[in-house]
Structure formats: structure tokens, C-alpha cells
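# Summary of the model geometry
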Amino acid sequence: LSTPNVVPCYVQSNYFFNESTMKLTIFAVLASTAAAFVAQQPATTTGTALNAERREIFGAAAAAAAGLAFAAPAAQAVVDYENIALLGGGTTVDLNNANVRVYLKMPGMYPAVAGKIVSNGPYKTVADVYNIKGLTGPEKDMIKKYESRFTAKEPAAEYVIDRINNGLYR
């Protein structure tokens, strides 16, 4: 199954940082870590004052690194699926992406016919659903009854994986 326009954010090449932001963040973390290992100053500075200076330097570096991390550009993942209404929220159902429980809204379809439909996809056209092996005459009649409510969109990996079992139980 190919989904040319849908790429999960963890596969993006820029993750959450671009290259220069990542380098600056690494530099800030390294600088703050190195500041903790600075040689002690002459005896004129007390141990408490030296620790306070180290904490200030480390705090400033950590704040700079955190600021860079939060200022990074957002991941470029697809958030909204353009055919979300076809997954059961409307009257039309996408044969390739809708979950088996969507067919509960169509009396006679669930569980036998619905199970066969979601188990045998993907379909290029709505007519392809009639080619399911083992489909009986009455089951074909049931599909024919609701055929005007079906569509066959391109399978989307985020929804195809949940067609048979979406993890919702009574």
C-alpha cells in the first residue's frame, strides 16, 4: 500500500529540528556541561560563591538550550485526513479505510458481510467488492442494497491497519 501524501512525523527528514538548530542545541548542552568542570578560581573566592557561579552559568546555558528546542519548527506531518467523514461519520463509507464497526449502521451488514469486506480489500472500485471469494447470493444482495453509500478511496496506512480491529471493545 502506498500513501504518497501521508508521512508519519517520525519519518520526516527534519524531525523537530532543522540542522542548524540541532547544532546550536548540541553546542549549548556541551557548553553547559563543560562549565561544570571549569578549574577552581584562586582561593579569594569561597566554595559557596564558586558553586553559585557554576549554577548561574549552567542555568543560563540550559535556558538557552531549552529556548532553542521550543523555537524549533513544528514537524510536517499530515494531521487531518481529508476523507475523515467517509470513515463512519457520514452516510458514505470508504470501503478501503473504514473500520468494520461502521457497518453496524447498516442493518444486515454486520458482522458477516462487513467482515468479508474489510478482510478482502483494497478495492479499486465499489464494483470490486462483488468479487470477494465465498460471497453468497444473499450477501451480494445486502451489498447491492447499500452500494450507493460506498466509495473506494486510496488506502491510507493510518486507517487500513485498524479496519478489522480498532481496539474498541464492549
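On a predicted model such as this, the values are computed, not experimentally measured, just so you know.

## As for the overall build of the chain
- Counting its secondary structure elements, the chain contains five helices and two strands.
- Listing each helix as α and each strand as β along the chain from the N terminus yields α-α-β-α-α-β-α.
- Within the chain, buried positions represent 28% of all 170 residues.
- When the accessible surface of the chain is totalled, it reaches about 11200 Å², and 61% of it is carbon and sulfur.

## Details of helix 3 (residues 112–119)
- The complete set of buried residues in helix 3 reads V113, A114, I117 and V118. Looking down the long axis of helix 3, one finds its buried residues gathered within 125 degrees of arc, a one-sided arrangement.
- In this structure, the buried side of helix 3 is in contact with helix 4 (137–146).

## Observations concerning the pattern of salt bridges
- According to the stated counting rule, one finds two salt bridges in the structure shown.
- Across the pair K116 and E139 runs a salt bridge, and its minimum N-O distance is 2.8 Å. Of this pair, K116 sits in helix 3 while E139 is found in helix 4, placing the two residues 23 residues apart along the sequence.
- In this structure, K144 and E147 form a salt bridge, with 3.1 Å as the shortest nitrogen-oxygen distance.
- A residue is classified by how much of its surface remains accessible, and K144, at 54% relative accessible area, is exposed.
- For E147, a relative accessible area of 22% puts it in the partly exposed group.

## Some remarks on helix 4
- Within helix 4 the residues assigned to the buried category are E139, M142, I143 and Y146. For helix 4, the buried positions fall inside an angular range of 100 degrees around the axis, keeping them on one side. Seen from the buried face of helix 4, the exposed residues on the opposite side, beyond 90 degrees, are P138, D141, K144 and K145.
- Where the residues of helix 4 are buried, they touch helix 3 and strand 2 (150–151).

## Some words on the side chain of D94
- Looking at the element boundaries, D94 is found in strand 1 (residues 93–94).
- The buried charged residue D94 lacks any salt bridge partner; its closest oppositely charged side chain belongs to K153, at an N-O distance of 7.4 Å.
- In this structure the side chain of D94 is engaged in a polar contact, spanning 2.6 Å, whose partner is the side chain of N97.
- With near-sequence residues (within four places) excluded, D94 lies in contact with Y81, L86, T151, A152 and K153.

## A closer look at a nonpolar patch on the surface
- Judged by side-chain polarity, M22, I26 and L30 come together as a nonpolar surface patch covering roughly 280 Å² of accessible area.
- Judged by relative accessible area, which is 45%, I26 ranks as partly exposed.

## Focus on the confidence of the model for the chain
- For the chain, per-residue confidence averages 78 on the pLDDT scale, and 69% of positions sit at 70 or higher.
- A low-confidence stretch, residues 6–15 (pLDDT under 50), is modelled with eleven contacts involving residues beyond four sequence positions or located in other chains.

## Structural notes on the nonpolar core
- Core analysis: the biggest nonpolar cluster contains 21 residues, and L95, Y103, M109, I117, I143 and F150 have the highest contact counts within it.
- Those elements that place two or more of their residues in this core are helix 3 and helix 4.
- Among the elements that take part in this core, helix 3 stands out by supplying four residues, more than any other.
- Residue contacts for I143: discarding those within four places in its chain leaves M109, V113, I117, V129, Y130, L135 and F150.

## Quick notes on the environment of L95
- When you line up the elements, L95 lands in the loop between strand 1 and helix 3.
- Residues within four places of L95 in sequence aside, it is in contact with Y103, I117, Y123, V126, V129, F150, T151 and R163.

Cut-offs used in this document
- Residues numbered from 1 in each chain as written.
- Predicted model: local features only at pLDDT ≥ 70, side-chain atom pairs only at ≥ 80, totals over all residues.
- Heavy atoms only, no water.
- Helix = DSSP H or I, 4+ residues; strand = E, 2+ residues; numbered from the N terminus.
- Buried < 20%, exposed > 50% of the residue type's maximum accessible area, 1.4 Å probe, protein only.
- Areas by Shrake-Rupley, 256 points an atom, 1.4 Å probe, with all protein chains shown as cover.
- Arc of directions from axis to C-beta.
- Contact = heavy atoms within 4.5 Å.
- Salt bridge = Lys/Arg side-chain N within 4 Å of Asp/Glu carboxyl O.
- Lys, Arg positive; Asp, Glu negative; His and termini not counted.
- Polar contact = N/O pair within 3.5 Å; in protein donor to acceptor, adjacent residues only side chain to side chain.
- Patch = residues over 30% accessible without salt bridge, like charges linked within 9 Å, V, L, I, M, F, W, Y side chains within 5 Å.
- pLDDT = per-residue confidence, 0-100.
- Core = buried A, V, L, I, M, F, W, Y, C linked by side-chain atoms within 4.5 Å.

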